[in-house]
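Okay, here's what each chain looks like letter by letter:
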Amino acid sequence: DIVGIELPAGRDTKFALIVEKETIFSKLILSDFVQTHGPLILVTAHGYPDLPTRHFLRLLRDTHPWLPFGCLVDHDVHGFSIAATYVIGPEKTQDGWFMQPGDMASFRSEGERKRPEKLLGRLREARDAGKIDNHWCVSLDEMIRRNKQFELEAIESLDAFVVDRMTAA
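What counts and what doesn't
- Residues numbered from 1 in each chain as written.
- Predicted model: local features only at pLDDT ≥ 70, side-chain atom pairs only at ≥ 80, totals over all residues.
- Heavy atoms only, no water.
- Buried < 20%, exposed > 50% of the residue type's maximum accessible area, 1.4 Å probe, protein only.
- Helix = DSSP H or I, 4+ residues; strand = E, 2+ residues; numbered from the N terminus.
- Pairing = 2+ DSSP bridges.
- Axes fitted to C-alpha atoms, helices over the stretch in contact; angles between N-to-C directions.
- Contact = heavy atoms within 4.5 Å.
- Core = buried A, V, L, I, M, F, W, Y, C linked by side-chain atoms within 4.5 Å.
- pLDDT = per-residue confidence, 0-100.
- Expected span 1.5 Å × (residues − 1).

Some remarks on the pairing of strand β2 (residues 41-44)
Going residue by residue along β2, you find I41 and V43 tucked away on one face and L42 and T44 tucked away on the opposite face as well. Pairing of strand β1 (residues 16-19) with β2 involves four bridges; the strand directions are parallel. Looking at the pairing, V19 lines up with T44 of β2.

Comments concerning the sheet that holds β1
Pairing between the strands of a sheet comes from backbone hydrogen bonds, and it takes one of two forms, parallel or antiparallel. Spatial ordering of the open sheet is given by β2-β1-β3, a layout of three strands whose pairing is parallel. Edge positions in the sheet fall to β2 and β3 (69-72), since each of these pairs with one other strand and no more. Within the sheet, the average angular offset between the axes of one strand and its neighbour, ignoring direction, is 20°. Across the face of the sheet, helix α1 (residues 22-30) comes into contact with β1, β2 and β3 while running at roughly 155° to β2.

Concerning the environment of S26
Mapping S26 onto the fold places it in helix α1. We classify S26 as partly exposed; its relative accessible area is 29%. In sequence terms S26 and T44 are 18 residues apart; their C-alpha atoms lie 9.7 Å from each other.

Regarding the nonpolar core
Membership of the largest hydrophobic core comes to 32 residues, with the highest contact counts inside it found for L60, L123 and L140. Of all elements in the fold, only β1, β2, α3 (51-63), β3, α4 (77-88), α5 (117-128) and α6 (135-146) reach the threshold of two or more residues within this core. Among the elements that make up this core, the one with the highest residue count is α4 (eight residues). Ignoring sequence-local partners within four residues, the contact set of L60 consists of I5, L7, A16, I41, L67 and F69. Formed by 17 residues, the second largest nonpolar core is a distinct cluster that contains F15, I155, F161 and M166.

Description of the pairing of β1
Of the two faces of β1, the one lined by A16 and I18 and the one lined by L17 and V19 are each fully buried. Where β1 meets β3, four bridges bridge the pair, whose relative direction is parallel. Within β3, the position partnered with V19 by the bridge is L72.

Structural notes on the confidence of the model for the protein
Mean pLDDT for the protein: 76, with 80% of residues reaching 70 or above. For the protein, the element scoring lowest by mean pLDDT is strand β4 (residues 109-110), at 37; α1 scores highest, at 90. In the model, residues 92-115 has pLDDT below 50 throughout and makes 84 contacts with residues more than four positions away in sequence or in other chains.

Things to note about α6
The terminal C-alpha atoms of α6, which comprises 12 residues, lie 16 Å apart, in line with the 16 Å expected from a rise of 1.5 Å per residue. Contacts made by the buried residues of α6 are with α4, α5 and β5 (148-149). Count one or two residues on from α6 and you reach N147, which has phi positive near 60°.

Listed below in structure tokens is the structure:
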């Protein structure tokens, strides 16, 4: 069993960022984002959160509670579901944690209307249990009502966007 994670930069590590898409993860790596804005931790599960990634992040959070976490996902039903899994756990469990509600992006592009009532119900339950801020429910409800969503690829200056979101937290 792994009992801890040592960060080479220690408390100088600025934040940990979980990235939904491998293409966005690669774009950040190729742009020297880590070297420019680090030291930081950049993680991807290549889509939906797998158990090893969630276990690693939980251990990281438990051993370094001062470290801010963020999650970079599409602003659509699937992105909300991925972020919710990291924050409140998968649908069948309640072992989620760490992402702040303000980490959700506010940019949107036209998209197909989806009515994710089940996910909205999960978020409301988590809000009522004190696990997340009401911002999550409001943001998802607004996305549904406005019939708008966006994908990360639509962001022109991805580096600046991420730095802005992580330093505002």
